[in-house]
Amino acid sequence: MAEPDKQKSDAKSEKDKTPKQQRSWLWLLTLILAIAFIASGLVGHEPWKLHDVQTLETVQAMSESGDLVVPMRGGEPNLKSPSLYYMTAAELSQRLGDYLPPRDAARLATGVFLTLTLSFAWLLGRLTWKPAETKGVGPTGAMTVLLLIGTLGIVWFGHDVVADSALMAGTTMGLYGLLLVPRRVFWGGLWLGTGAGIAFLSKGLIGPAILGVTALLMPFLATVGGFERQVRGMLLGVLFAAPWLLIWPWLLHERDPQLFDLWLWGNNIHLYLDHAGVGTPEHNLQWLWTFLIMAFPAWLLAGLALILRPGALFGLPGVRLALLFSVVGWAILLTAEAARPIHAMLLLVPLAVIGVGGLTRMPGLLVMPLKWFSALLFGLLAVAGWGLWIYLKYQGQLPEVEQLAAVLPADHAFRFQEWTYLAAAFLTVLWLWILMRYRAPSASALLAWPAGIVMVWSLLMLHQPWVDQLVKERGMVTGLAMELPLVITQAPQSAESGATEAPVEPTATPAASPAPETSEPPPAASGEAAPVTGG
């Protein structure tokens with residue numbers, strides 16, 4: 001009799017350990033996927049987007065001059081953004097210049113701020129849903145990171161060499177501080193003020209403005225309890241933000257009051273307030289599509305969470321805070337004529353936080369098709385990526401397919417990269433394991449989406465030399481951004497040339513004066529080469 005009792009006891013003990021083991025596995029998977037996502041596409045390739053080139057030029061100028069106050073590009077002040085991102089990139093470029101090419105070392109600044117974003121997103125997600133842990137909401141911190149990694153806006157812009165990565169890190173930190181204030185006033189005020197300061201020194205007034213409006217509206221929406229603690233926390237936040245908000249503008253004013261006015265009024269206040277309005281229907285439709293594409297699947301899961309967990313909106317302060325921040329932020333972007341899609345990156349984190357609540361309550365009828373859609377999509381991409389790699393490895397040239405030759409560079413020379421190959425192979429095996437291990441209708445089956453995203457990034461890096469050559473041959477971004485300021489030009493066609501004549505090959509020439517910095521370059525006119533806006 002003792003043996004069966006012992007077996008029952010062991011079985012019960014094993015059952016009790018299962019939730020903890022599942023949490024441990026999820027945390028480990030999240031850590032692996034987050035590190036792989038940050039590392040993939042960060043270094044080792046040419047600039048793929050116009051704003052990458054512009055930022056690297058500014059970083060190079062700051063590294064050479066040692067001037068940390070006025071960012072320069074092409075010999076002219078570049079005050080579209082304050083100095084924090086450029087300073088970080090320049091410092092990394094100097095510190096790691098003996099181990100990495102300068103431009104790759106500079107790109108690590110994006111990795112630093114992306115790590116900060118994911119870390120505070122984990123903290124924010126855990127703190128938001130902590131009161132609902134007893135209702136089976138799951139390990140929400142890890143789930144928030146996984147959902148954020150799988151959001152298309154982060155996939156598209158997350159590795160870009162732009163100050164918006166620091167802006168996203170600062171607003172995520174500040175949002176976490178806002179939610180922490182009623183529980184721990186000092187630490188909440190610290191993270192609120194530091195986050196607002198980082199956002200300010202990254203992109204100017206837009207980040208602190210969204211945080212500030214959210215903080216002011218919190219008491220009216222009863223977002224958190226304890227009005228006195230809120231006030232004390234916000235005052236502490238102002239105190240901790242003061243050095244970030246005052247020192248650099250004061251140094252800039254002391255250097256040149258006209259540059260200060262140009263930055264404050266021209267690149268901040270007038271930029272966002274002039275011509276502010278709801279806009280035309282076409283403009284609003286464009287932002288609607290931006291929201292639906294960039295925030296997918298976070299917006300879908302956020303809406304599902306509010307439907308399936310109606311009590312969360314009224315019972316969880318973090319959900320209300322994230323929703324309020326999202327509404328304020330999207331309203332500002334919708335009414336500001338100068339806003340660009342890349343500025344919406346900072347609004348993806350609160351949507352991911354809310355969307356976590358919809359994961360564990362998602363009906364099996366939805367989990368099943370989503371899981372198999374992920375399996376089909378990423379499976380086809382994996383087969384294509386590995387198939388092309390194997391063919392190139394053993395044949396040394398592209399397959400003789402007319403449609404393929406029309407898109408891909410025909411003279412691509414295969415180059416075996418050992419560590420990239422090992423990483424891509426490991427992440428492919430990991431994706432296949434997740435696909436077979438977690439099955440619908442369990443919500444864990446949805447891990448196939450973020451794991452597939454990371455796997456595809458690793459396969460893209462497996463073909464990174466080919467991608468560089470493709471970008472270069474198409475005239476999107478040419479040359480080494482850390483060597484010379486570049487502009488993309490194309491010789492004008494003669495009046496006698498027909499409409500069907502082949503376009504002249506674009507060339508890169510040193511810039512006589514800097515081109516205006518834009519996150520989303522306008523469409524190219526006839527006879528001009530269009531810069532790449534996404535990679």
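Structure: see above.
Residues numbered from 1 in each chain as written. Predicted model: local features only at pLDDT ≥ 70, side-chain atom pairs only at ≥ 80, totals over all residues. Heavy atoms only, no water.

**Some details on the overall build of the chain**
- Of the regular secondary structure elements, the chain holds 21 helices and four strands.
- Counting only residues that meet the buried cut, the chain has 50% of its 535 residues in that class.
- For the chain, restricting intrachain contacts to residue pairs at least 6 apart in sequence, the fraction spanning at least 24 positions comes to 78%.
- For the chain, the computed accessible surface area is about 25200 Å², with 67% contributed by carbon and sulfur atoms. (Helix = DSSP H or I, 4+ residues; strand = E, 2+ residues; numbered from the N terminus. Buried < 20%, exposed > 50% of the residue type's maximum accessible area, 1.4 Å probe, protein only. Contact = heavy atoms within 4.5 Å. Areas by Shrake-Rupley, 256 points an atom, 1.4 Å probe, with all protein chains shown as cover.)

**What to know about the packing of aromatic side chains**
- Under the counting rule described, the total for this entry stands at 20 aromatic pairs.
- Measuring from centroid to centroid gives 5.0 Å for Phe-291 and Trp-330, while their planes differ by 90°, and the two rings are edge-to-face. Note that Phe-291 is positioned in helix H12 (residues 281-294) and Trp-330 in helix H15 (residues 317-335), a separation of 39 residues in sequence.
- Summarising the aromatic geometry, the rings of Trp-386 and Tyr-421 are spaced 6.0 Å apart at their centres and angled 85° between planes, so their arrangement reads as edge-to-face. (Phe/Tyr/Trp six-rings, centres within 6.5 Å; stacked < 30°, edge-to-face > 60°.)

**A short note on the pattern of salt bridges**
- Scanning all chains against the criterion turns up six salt bridges.
- Across the pair Arg-255 and Asp-67 runs a salt bridge, and its minimum N-O distance is 2.9 Å. Here Asp-67 lies in the loop between helix H2 (50-65) and strand E1 (72-73) and Arg-255 lies in helix H10 (residues 227-255), a separation of 188 residues in the sequence.
- On the accessibility criterion, Arg-255 (43% relative accessible area) is partly exposed.
- Residue classification places Asp-67 among the buried positions, given a relative accessible area of 18%. (Salt bridge = Lys/Arg side-chain N within 4 Å of Asp/Glu carboxyl O.)

**Things to note about the environment of Phe-186**
- Take Phe-186: it is sitting in helix H8 (residues 185-203).
- Among the residues examined, Phe-186 registers a relative accessible area of 44% and is labelled partly exposed.
- Separated by 47 residues in the primary sequence, Phe-186 and Gly-233 have C-alpha atoms spaced 6.6 Å apart.
- Other than its neighbours up to four places away in sequence, Phe-186 contacts Leu-236 and Phe-240.

**Considering the side chain of Thr-88**
- Examined against the element boundaries, Thr-88 turns out to sit in helix H3 (residues 84-95).
- Not counting chain neighbours up to four residues away, the residues in contact with Thr-88 comprise Ala-109 and Phe-113.

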